[in-house]
Amino acid sequence: MKKLIGEPLKVNIAVDSSGTFKEGRGYINTKIKSSLVNISLNNMVVDTERKTFKSSYLLDVPELKKLHKVIDQKLYGPLVLRGEWTKDEKLATVTGETTTLGGKIDYTLIGDDLSTTIDNVPLANILGILGNTKDVRGKAFGNGTYKIKKKSVETQLNLQKIQKKPR
């Protein structure tokens, strides 16, 4: 972490993992708890001969603000992501969804390309996670792509029923 954020990260971490290995295949369940994030990797299958990995996951971040230094982005509030993670010799793929912001956000990360679909997400909740005031009503629909290495974003959003909230 010192290389990533420039200073040591002090976090207590508890890991509970169990499973079996038979003939080059591992079947594992793991839970990781810390003050920053809780992660569950369920029904994990590791094939050492084919060099593949597959697992469902649940990532629970009680407070995004605690991750500012790690993710280099100021986000606020809780976030829960669930989905599936696969990796073969050449490519990792993460698919999943979150309903934390209301509505639904689906995402797929293949290599360095992240694509998202936003469906019926309250605009106030999007503004809140970004640290802005939640003084707008409305819903967001659309999709986006993020090229991680290039740090480029392309988003198409349809905002419906936008109104300023009365004070």
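Scroll up for the structure.
Residues numbered from 1 in each chain as written. Predicted model: local features only at pLDDT ≥ 70, side-chain atom pairs only at ≥ 80, totals over all residues. Heavy atoms only, no water.

Draft legend 1. The pairing of strand E10 (residues 152-164), seen in detail. Here strand E9 (residues 136-147) pairs with E10 via 11 bridges, running antiparallel. What sits directly across from Gly142, in E10, is Leu157. Between E9 and E10, which pair antiparallel and follow one another directly, the connecting turn spans 4 residues, one of which, Lys151, has a positive phi of 55°. (Pairing = 2+ DSSP bridges. Helix = DSSP H or I, 4+ residues; strand = E, 2+ residues; numbered from the N terminus.)

Draft legend 2. Just the layout of surface pockets, in detail. Computed from the structure, the largest pocket encloses a volume of approximately 2100 Å³. In terms of lining residues, the largest pocket is bounded by 46 residues, among which Ile71, Leu75, Leu79, Leu81 and Leu114 are the most central. (1 Å grid on protein atoms, 1.4 Å probe; cavity = no way out; pocket = protein on both sides within 12 Å on 5 of 7 lines; lining within 4 Å. Points joined across faces, edges and corners; volume = space filled by probe spheres on them.)

Draft legend 3. Looking closely at the pairing of strand E4 (residues 52-61). As defined by bridge partners, strand E3 (residues 38-47) adjoins E4 across 8 bridges and the pair is classed as antiparallel. Its bridge partner lying in E4, Asp47 is registered against Thr52. In sequence, E3 turns back onto E4 through a hairpin of 4 residues, with Lys51 there showing a positive phi of about 60°.

Draft legend 4. Spatial organisation of the pattern of salt bridges. Tallied over the entire structure, the rule returns 7 salt bridges. Taken together, the shared-partner salt bridges in this structure form one network comprising Glu97, Lys104 and Asp106. (Salt bridge = Lys/Arg side-chain N within 4 Å of Asp/Glu carboxyl O.)

Draft legend 5. Fine view of the sheet that holds E4. Read from one edge of the open sheet, 10 strands run E1-E2-E3-E4-E5-E6-E7-E8-E9-E10, paired in antiparallel fashion. Each edge of the sheet is formed by a strand with only one pairing partner; in this case those strands are strand E1 (13-22) and E10. Direction aside, the axes of adjacent strands within the sheet are offset by 10° on average. (Axes fitted to C-alpha atoms, helices over the stretch in contact; angles between N-to-C directions.)

Draft legend 6. Just a nonpolar patch on the surface, in detail. Where nonpolar side chains cluster on the molecular surface, the patch consists of Leu157, Leu159 and Ile162 and spans about 260 Å² of accessible area. Mapped onto the secondary structure, Leu157 falls in strand E10. Among the residues examined, Leu157 registers a relative accessible area of 44% and is labelled partly exposed. (Patch = residues over 30% accessible without salt bridge, like charges linked within 9 Å, V, L, I, M, F, W, Y side chains within 5 Å. Areas by Shrake-Rupley, 256 points an atom, 1.4 Å probe, with all protein chains shown as cover. Buried < 20%, exposed > 50% of the residue type's maximum accessible area, 1.4 Å probe, protein only.)

Draft legend 7. Structural context of the environment of Glu7. As for its placement among the helices and strands, Glu7 is situated in the loop between helix H1 (2-5) and E1. For Glu7 and Lys69, which are 62 residues apart along the polypeptide, the C-alpha to C-alpha distance reads 9.5 Å.

Draft legend 8. Structural detail: the nonpolar core. Counting 23 residues, the largest nonpolar core has Met44, Tyr57, Val61, Leu64 and Val121 as the members making the most contacts within it. Only E3, E4, strand E5 (79-87), strand E7 (104-110), strand E8 (113-122) and helix H3 (123-129) provide two or more residues apiece to this core. (Core = buried A, V, L, I, M, F, W, Y, C linked by side-chain atoms within 4.5 Å.)

Draft legend 9. Up close: the environment of Leu81. In this structure, Leu81 sits in strand E5. Linking Leu81 and Ile105, residues 24 residues apart in sequence, is a C-alpha distance of 9.5 Å. With residues near it in sequence (within four places) discarded, Leu81 still touches Tyr57, Leu58, Leu59, Glu97, Thr98 and Tyr107. (Contact = heavy atoms within 4.5 Å.)

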